[in-house]
Amino acid sequence: RGTDPDGDGPARSFGFDSFATIQAGIDAVADDGEVIIYDHAGAGYPESLVINASTWNEKDLRSHRPLSKQMKLMAASGNAPVINGSGLQAIGLDIQDPFSKISVEGLEIAHWTAIGIRNTGDLTVVDTKVNGGFSGIVVDGGTANLQQTQITGTVIFGLEIINGGQAEVTRTEIIDNQFIGVMVVEGQADLTQSRLNRNKHGLVVTNDGAATVFDSDLSDNSLIALENASSTQTVNASGNWWGSVDE
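First, a word on what this report is: a plain description of the structure on this page.

About the cut-offs
Residues numbered from 1 in each chain as written. Predicted model: local features only at pLDDT ≥ 70, side-chain atom pairs only at ≥ 80, totals over all residues. Heavy atoms only, no water. Helix = DSSP H or I, 4+ residues; strand = E, 2+ residues; numbered from the N terminus. Contact = heavy atoms within 4.5 Å. Buried < 20%, exposed > 50% of the residue type's maximum accessible area, 1.4 Å probe, protein only. Arc of directions from axis to C-beta. Polar contact = N/O pair within 3.5 Å; in protein donor to acceptor, adjacent residues only side chain to side chain. Lys, Arg positive; Asp, Glu negative; His and termini not counted. Salt bridge = Lys/Arg side-chain N within 4 Å of Asp/Glu carboxyl O. Core = buried A, V, L, I, M, F, W, Y, C linked by side-chain atoms within 4.5 Å. Pairing = 2+ DSSP bridges. Axes fitted to C-alpha atoms, helices over the stretch in contact; angles between N-to-C directions.

### Some words on the environment of isoleucine 137
Along the chain, isoleucine 137 turns up in strand S11 (residues 135-140). When sequence neighbours within four positions are dropped, the list of residues in contact with isoleucine 137 reads Ile117, Val130, Leu146, Ile151, Gly158, Leu159 and Glu160.

Now the structure itself:
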């Protein structure tokens, strides 16, 4: 369909296996495929990404086997691509299909007015930075596994769990958010070896939420490190650093 875009690189033809936008790659990649993203010399990608039922319906027409609804969005080796929401009133990555299994690795999702990532499916995020927005990552009835990731600079919530969502957070930094680092409205969050620092509230659990936090650093939150509003659920929090041996 077009010229070879990268010489000795893996792509063969522009418009066939390489694209100008990430969304075009998402739409074109086969089921259980990888969208490998370059950094455009630091320019970033000013686009809101959507994965919904239509995404998979198009792939189903091209597939000879049942869909797994799996996809990986990953940075090319040596690249640090930015999904840049500056000036866009939208969500950086919106996973609307609850049966989607999406992996995000090595990206930065920054400057979104609303939400960095909203997930209703099965989400894995590794070695990624989510910066800015009202909420960094919203787990909306789906599941999320966050590893070696940073959520920072949000106005309201770093990580928000609603509608029965489940989040497993490991070796992740949720820092420098203006209001709450982790907000469990309805669902569960399990945090291990992570940092919740320099937020106003570190971790807040409502009456419909549950949480555990182990071997983590909850120091230096300006108002409170951990607030549990549930009258029936106990937050199991052991082996953590609260900022003082007296806490």
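Now that the structure is up, let's keep going.
### What to know about helix H2 (residues 53-62)
In an α-helix, one full turn covers 3.6 residues, which means residues spaced three or four apart are oriented alike. Regarding H2, the residues found buried are Thr55, Trp56 and Lys59. Seen along its axis, H2 keeps its buried residues to an arc of 85°; they face one direction. Residues of H2 that are buried sit in contact with helix H1 (22-28), strand S2 (49-51), strand S3 (70-75) and strand S6 (101-105). By the N-cap criterion, in which a side-chain oxygen at the helix start approaches the backbone nitrogen of a residue two or three places on, H2 is capped by asparagine 52, the distance to serine 54 being 3.1 Å.

### Concerning unusual backbone geometry
A positive phi angle, close to 50°, is found at glutamine 148, a residue other than glycine. Mapping glutamine 148 onto the fold places it in the loop between strand S12 (143-147) and strand S13 (150-152). Assessed through its relative accessible area of 46%, glutamine 148 is described here as partly exposed. A positive phi angle, close to 65°, is found at aspartate 220, a residue other than glycine.

### Digging into the side chain of lysine 59
With respect to the helices and strands, the residue lysine 59 is situated in helix H2. For lysine 59, which is buried and forms no salt bridge, the nearest opposite charge comes from aspartate 27, at a distance of 5.9 Å. Reaching out from lysine 59, the side chain makes a polar contact with the backbone oxygen of isoleucine 26 at a distance of 2.6 Å. The contact partners of lysine 59, leaving out residues within four places of it in the chain, are Ile26, Asp27, Ala28, Val29, Ala30, Asp31, Leu67 and Met71.

### Topic: the environment of leucine 88
Its place among the elements puts leucine 88 in the loop between strand S4 (82-84) and strand S5 (91-95). Residues leucine 88 and proline 66, spaced 22 residues apart in sequence, show a C-alpha to C-alpha distance of 36 Å. When sequence neighbours within four positions are dropped, the list of residues in contact with leucine 88 reads Pro46, Glu47, Trp112 and Thr113.

### What to know about the nonpolar core
In this structure, Met71, Leu73, Leu159 and Val182 are the most contacted members of the largest nonpolar core, which totals 46 residues. The contacts of leucine 73, once residues within four sequence positions are left out, are Ile26, Val35, Ile37, Leu93, Ser103, Val104, Glu105 and Leu107.

### Considerations on the pairing of S11
Of all six residues in S11, six are buried, a share of seventy percent or more. When strand S8 (residues 115-119) meets S11, the two strands line up parallel, connected through four bridges. Considered in S11, the bridge of asparagine 119 is made with valine 139. Across five bridges, S11 lies against strand S14 (residues 157-162) in parallel orientation. Following the sheet pairing, isoleucine 137 is matched in S14 by leucine 159.

### Some thoughts on the sheet that holds S13
Strand order in this open sheet of six strands is S4-S7-S10-S13-S16-S18, and the pairing throughout is parallel. Here the strands that pair on one side only, and so sit at the sheet edges, are S4 and strand S18 (195-197). Each adjacent strand pair in this sheet contributes to an overall mean axis angle of 10°, direction not counted. Relative to S18, strand S16 (residues 173-175) runs parallel, the two sharing three bridges. Across the sheet, residue glutamate 173 finds its bridge partner in S18, namely arginine 195.

### Some points on the side chain of glutamine 23
Within the element layout of this structure, glutamine 23 appears in helix H1. If we skip the residues at most four places from it in the chain, glutamine 23 touches Glu47, Ser48, Leu49 and Val50.

### Examining the pattern of salt bridges
Tallied over the full model, the rule gives six salt bridges. One salt bridge connects glutamate 105 with lysine 72, and the closest N-O pair in it is separated by 4.0 Å. With glutamate 105 in strand S6 and lysine 72 in strand S3, this residue pair connects regions lying 33 residues apart in the sequence. Under the relative-accessibility criterion, glutamate 105 is labelled partly exposed at 31%. Residue classification places lysine 72 among the partly exposed positions, given a relative accessible area of 25%. Residue aspartate 140 is joined to arginine 118 by a salt bridge in which the shortest nitrogen-to-oxygen separation is 3.1 Å.

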